[in-house]
Amino acid sequence: MNFLQLFAHNLTKGPFTDPFPFEPAPTAKRFRGKIEFDPETCEGCRKCEKVCPAGAIRFTKTANGLEFDCWHDSCVFCGNCEFHCPTNAIHQTQDWHLAHVQQDKFSMVEHGVIPSHECPSCGKPALYTAAPANKIKGFSEAEVAEFRSLCPKCRGKYLRERKSRS
Amino acid sequence: MTEHTVASSYKIPVGPLHVALEEPMYFRVSVKGETIENVELNAGHVHRGVEYLATKRTLLQNMILTERICSLCSNSHPEALAMAAETIGAVEVPERAQYLRVIAGEVKRVASHLFNVGILAHLVGFEALFMHAMQVREVAQDLKEAVYGNRMDLGAHCLGGTRCDMDDEAIAFMRTALDKIEPDVRELEKTYRTNGSILRRTRGIGILTHEDAIACGVVGPVARASDIQYDVRTAAPYHVYDRLPVEVPVLDGCDVWSRAMIRLQEAVNSIEILWVCLDHLPDGPINDGGDPYIPPGQAIARTEAPRGELVYYLKTNDEPEPERLKWRVPSYPNWDALTFMLKEAKVADIAIIVNSIDPCISCTER
């Protein structure tokens, strides 16, 4: 290896380091960064909570509904939650900016709520979760919306009735 | 006149925190003058209890936990765990996933070997070469980040296949990266073969004879540099390695230089394997949801990690958590061989010799 050549190459083609923080650092499209949660598409199966090796994801039942929390200070950014999520409700973004001051350490959390409401059919409280994709094959948009608003028991009834109708 | 008594030998501690060691190892070295007489190895400074932890986590969680045992062979750990679980559950891995597993493994091998030879240049005191080797490795790091989303922990595997598919864009990126890195790795190999500074510090240093190598049961590049032709990829081919041009380079130099040369030749071979994999990548599924049923049972799986043979033992029961998960990492036998390599060596060569086995203390002590 000719080090003079290498020197000339590095002098003309360099520098090879990124000038961060003076310029934004290039980030790969597939970069596995911060977690993003979408309560609209979550069906509340809690699989992400089960597969998270770091215990960063917690679901809590409150008066508001089912609350989702992903603690970014515990998260190891493995992407297991995204991989196992049946509805793509959780995914990793390209954002890796996680530096924060000490007093913010408990607020590095991705939060989402699956709201609780009254089941229009039986009046009992139910979670407004997304409908499982395998159950609503061939449903019209109005049917999906109606099915979604029901509680688990009424959903089962709805499915049975729909099947007997067809 | 007072009489001065001079002890014939001294004991000096090397580690657990030492400027020349990358990880917390602790050697108690008896020296006579500048020559090492005896070495005592002390282990346990980075014990984290991962084996116990693994029995408290489900298999799906362990796929991630095992990846974090070691950073440089992070791909081989979940790979071996998945293979063991797939043996128990008789899960068939799709062909495309098998190719993708090979690709992930070989990319990691290139990066790992370049890191080790780079550190060798650093320990020799050849900083310009060190910087250049790390710059070449950076291409492999960028490649991992672009395809898998992380520079070290790829997260490539899941039970029954791979997690990460390669689309045309990723394949094109990999081809560009390989085009860039291949001539550089060949050039590095030539430099390490001919450069006087490297040769003076590494030839004839840290000798592990063929007989001692067999007695210690060393694996990986350390074994192959002592004229033992053993590589799991050819001895017990897994995935699709039986269809790929795997070469097992062997040298009989038994010294630090031979180990570095083996690593560089393997890096070149890994790039060749990657080209073949990209050309022959079949279409099809890459996994079956990643959550297959694993019945109670036990199995052993072996893979060739960058440092050598990695053995996984998995015992499952009716619980989602494994009853026992145990691994034998390549650094474990290789580490023991250090006592032979360091015998009669000079104190100044300790760091170079220790680096030549590419020790991974965090996975040895888990």
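This text gives an overview of the structure that appears in the document. Remember, it's a predicted structure, so these values are computed and weren't measured experimentally.

**Examining the sheet that holds strand β3 (residues 35-42) of chain B**
Residues and elements named next belong to chain B.
1) Next: Read across the open sheet, the 3 strands follow the order β1-β2-β3; overall the sheet is antiparallel. Only two strands of the sheet have a single partner each, and these edge strands are β1 (10-14) and β3. Averaged over neighbouring strand pairs, the angle between their axes works out to 25° when direction is ignored.

**Notes on the interface of chain A and chain B**
1) Next: Taken together, the contacts link 20 residues of chain A with 35 residues of chain B.
2) Next: Our enumeration of links across chain A and chain B arrives at 3 salt bridges.
3) Next: Taking the shortest distance from any N to any O, the salt bridge between D167 of chain B and R30 of chain A comes out at 3.2 Å.
4) Next: At the boundary of chain A and chain B, one finds 16 residue pairs in polar contact (both at pLDDT 80 or more).
5) Next: Elements represented by at least two residues in the side of chain A that touches chain B include exactly α1 (3-13), α2 (47-51) and α3 (80-84) of chain A.
6) Next: Per-class residue counts for the side of chain A that touches chain B are 12 nonpolar, 3 polar and 5 charged.

**Quick notes on the pattern of salt bridges**
Residue and element names in this part refer to chain B.
1) Next: Per the stated rule, a full pass over the model turns up 36 salt bridges over all chains.
2) Next: For K315, the salt bridge identified is with E323, shortest N-O distance 3.6 Å.
3) Next: Using a relative accessible area of 30% as the deciding quantity, one classes K315 as partly exposed.
4) Next: Given a relative accessible area of 40%, E323 falls into the partly exposed group.
5) Next: Members of the salt-bridge network, linked through shared partners, are E106, R109, R224, D231, R233, E266 and E304.

Calculation notes
Residues numbered from 1 in each chain as written. Chains lettered and ligands numbered in written order. Predicted model: local features only at pLDDT ≥ 70, side-chain atom pairs only at ≥ 80, totals over all residues. Heavy atoms only, no water. Pairing = 2+ DSSP bridges. Helix = DSSP H or I, 4+ residues; strand = E, 2+ residues; numbered from the N terminus. Axes fitted to C-alpha atoms, helices over the stretch in contact; angles between N-to-C directions. Contact = heavy atoms within 4.5 Å. Salt bridge = Lys/Arg side-chain N within 4 Å of Asp/Glu carboxyl O. Polar contact = N/O pair within 3.5 Å; in protein donor to acceptor, adjacent residues only side chain to side chain. Nonpolar A, V, L, I, M, F, W, Y, C, P; charged D, E, K, R; others polar. Buried < 20%, exposed > 50% of the residue type's maximum accessible area, 1.4 Å probe, protein only.

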